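# A structural walkthrough
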Amino acid sequence: QVQLVESGGGLVQAGGSLRLSCAASGRTFSSYVMGWFRQAPGKEREFVAAISWSGRSTYNTDSVKCRFTISRDNAKNTVYLQMNTLKPEDTAVYYCAADRRFGGIPTMARDFSSWGQGTQVIVSS
């Protein structure tokens, strides 16, 4: 399994931007589909975005389309989540997730085998 460490969370005003990073250990990062999930207090963990092993395919949940962009740099073993036009309802702990596969982009938490510890994002109104 790959080890994941998120960073980049913090407090931002509504309308602002943040970029989350997720650094992965190991030499097989390019064989993993990577995803971002988030969990707000009292709510279930929800899918945000995912990216294929090559970076050619991405998928975002509807609530973040046109605002969030997922990308990856396989040379740096890192996946990013650029978050623009943040809203108070984006407040949550954001988790990076990985699953070793070459086909398809999963969107269910149960389909990811490795998880980071999470990074807190707070958007003030």
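Here's what I pulled together on the structure shown here. (Residues numbered from 1 in each chain as written. Predicted model: local features only at pLDDT ≥ 70, side-chain atom pairs only at ≥ 80, totals over all residues. Heavy atoms only, no water.)

Following the sequence through the fold, Arg-67 ends up in the loop between β6 (58–60) and β7 (68–73). Judged by relative accessible area, which is 8%, Arg-67 ranks as buried. With sequence-adjacent residues up to four places away left out, Arg-67 is seen in contact with Gln-82, Met-83, Asn-84, Thr-85, Leu-86, Lys-87 and Asp-90. (Helix = DSSP H or I, 4+ residues; strand = E, 2+ residues; numbered from the N terminus. Buried < 20%, exposed > 50% of the residue type's maximum accessible area, 1.4 Å probe, protein only. Contact = heavy atoms within 4.5 Å.)

Considering the arrangement of structural elements, one finds Arg-19 in strand β3 (residues 18–24). For Arg-19, a relative accessible area of 47% translates into the label partly exposed. Once the C-alpha coordinates of Arg-19 and Leu-81 are considered, the two residues, 62 residues apart in sequence, prove to be 5.6 Å apart. Here Arg-19 is in contact with Ser-7, Gly-8, Tyr-80, Leu-81 and Gln-82, once residues within four sequence places are set aside.

Note: disulfide means a covalent bond formed between the sulfur atoms of two cysteine side chains. This model, assessed by the stated rule, comprises 1 disulfide. Here Cys-22 connects covalently by a disulfide to Cys-96, the sulfurs 2.1 Å from one another. Since a negative S-S torsion denotes a left-handed disulfide, the Cys-22-Cys-96 link at about -80° is left-handed. One end of the pair, Cys-22, is in strand β3; the other, Cys-96, is in strand β9 (residues 92–100), and 74 residues separate them in sequence. Residue Cys-22 is classed as buried on the basis of its relative accessible area of 0%. (Disulfide = S-S within 2.5 Å.)

Moving on, we get to unusual backbone geometry. With phi around 75°, Cys-66 is a residue other than glycine that occupies positive phi space. In this fold, Cys-66 is placed in the loop between β6 and β7. Residue Cys-66 is classed as exposed on the basis of its relative accessible area of 85%. In this structure, Asn-77 is a non-glycine residue whose phi angle is positive, near 55°.

Turning our attention to the pairing of β9. With 8 of 9 residues buried, β9 lies mostly within the body of the structure. When strand β4 (residues 32–39) meets β9, the two strands line up antiparallel, connected through 8 bridges. Considered in β9, the bridge of Phe-37 is made with Tyr-95. In this sheet, strand β11 (residues 119–124) lies alongside β9 in antiparallel orientation, the contact comprising 3 bridges. Residue pairing in the sheet places Tyr-94 in a bridge with Thr-119 of β11. (Pairing = 2+ DSSP bridges.)

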